[in-house]
Amino acid sequence: ETGVTQSPTHLIKTRGQQVTLRCSSQSGHNTVSWYQQALGQGPQFIFQYYREEENGRGNFPPRFSGLQFPNYSSELNVNALELDDSALYLCASSGGQKVNEQFFGPGTRLTVL
Amino acid sequence: DQQVKQNSPSLSVQEGRISILNCDYTNSMFDYFLWYKKYPAEGPTFLISISSIKDKNEDGRFTVFLNKSAKHLSLHIVPSQPGDSAVYFCAADYMGRRALTFGSGTRLQVQP
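What you see as residue numbers is a count from 1 along each chain, following the sequence as written. Labels follow written order: the first chain is A, the first ligand is 1, and so on. Given that this is a predicted model, residues contribute local features only at a pLDDT of at least 70 and side-chain atom pairs are listed and counted only at 80 or more, while totals for whole chains, interfaces and linings are drawn from all residues. Excluding hydrogens and water, the side-chain values take into account all heavy atoms of the structure.

This next bit is on the overall build of chain B. Every helix listed is a DSSP run of H or I at least four residues long, and every strand listed is a run of E at least two residues long, numbered separately from the N terminus. Across its full length, chain B carries 0 helices and 11 strands. Along chain B, helices (α) and strands (β) appear in the sequence β-β-β-β-β-β-β-β-β-β-β when read from the amino end. In terms of its C-alpha atoms, chain B occupies a principal-axis envelope of roughly 40 × 30 × 20 Å. Per-residue accessibility, obtained with a 1.4 Å probe over protein chains only, is compared with the maximum for each type, and a residue is labelled buried under 20%, exposed over 50%, and partly exposed between these values. Here chain B holds 112 residues, and the buried ones make up 47% of them. The contact definition used throughout considers only heavy atoms, calling two residues in contact when any of these lie within 4.5 Å. Of all intrachain contacts in chain B linking residues separated by at least 6 positions in sequence, the fraction that spans at least 24 positions is 54%. Between the averaged position of the 12 positive side-chain charges in chain B and that of its 10 negative side-chain charges there is a distance of 2 Å. Residues scored as charged are limited to Lys and Arg (positive) and Asp and Glu (negative), so that His and the chain ends carry no count. To locate a charge, take NZ of a lysine, CZ of an arginine, CG of an aspartate or CD of a glutamate.

Below, the structure is given as structure tokens:
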């Protein structure tokens, strides 16, 4: 059983650019949630995808968008990057036998200059 | 408005002793609570959880206590081991949304 994987590991962008982050969910999991973790803080919920539909969203602007594919992998897209978007972006999958448990990937470290 | 708070940014204990990590919440709708451990350069790893219908859950060296009236939960690690040194996050959810609200974390250092 493979765990949650994310790519890329690190990314450097400049303000105003767009970025796409990728996540492969754990085998058997149909739900993917994305979180943003700023330095020194806990992860903050961005949104969740269930069976290719957005299924809940946190307090993030529309320039944060996502996709989920038929194999349940997911993308997080951020447009018009701002300096405050610099953070660790975590993907978590769930939906196996232990429905309430979320399994996190190692994250993508995004730096916006 | 922080709905889940971990007021101790760090904690240092001796190997073999008990580690107690605390967490407070404000949202009465939360009905499921989780603890995650995070090492540098890794994602959070699930440790233990508790439903609001219980007041205690044990798994090996880890026990979580929930006091609903005080809106407080704690994680006890007994005995503490150097490998437990990590950042511990408390998280909460409700109605099975799986949209977790996290605290800001407590860095635990277990001294050999």
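Read on for the rest.
Right, let's talk about the interface of chain A and chain B for a bit. Counting residues at the interface gives 21 residues for chain A, matched by 18 residues for chain B. Summing both partners gives a buried area of about 1500 Å² for chain A against chain B, and 56% of it is carried by carbon and sulfur. Buried area adds together the accessible area that both of two parts lose upon being put together, with accessible area traced by a 1.4 Å probe. It is Asn100, Gln102 and Phe104 of chain A that lose the most area in chain A upon contact with chain B, and together they represent 34% of the buried surface on that side. Every case where a carboxyl oxygen of Asp or Glu lies within 4 Å of a side-chain nitrogen of Lys or Arg is listed as a salt bridge. The interface formed by chain A and chain B includes 0 salt bridges.

Attention now moves to the side chain of Arg63 of chain A. Residue and element names in this part refer to chain A. Mapping Arg63 onto the fold places it in the loop between strand E6 (53–57) and strand E7 (64–68). Each polar contact in these results corresponds to two N or O atoms within 3.5 Å; when the atoms are within protein, one needs to be able to donate a hydrogen and the other to accept it, and residues that are neighboring in sequence are counted only if both atoms are side-chain atoms. Engagement of the side chain of Arg63 in a polar contact is seen with the side chain of Asp85, the distance being 2.8 Å. Aside from chain neighbours lying at most four places away, what touches Arg63 is Asn77, Val78, Asn79, Ala80, Leu81, Glu82 and Asp85.

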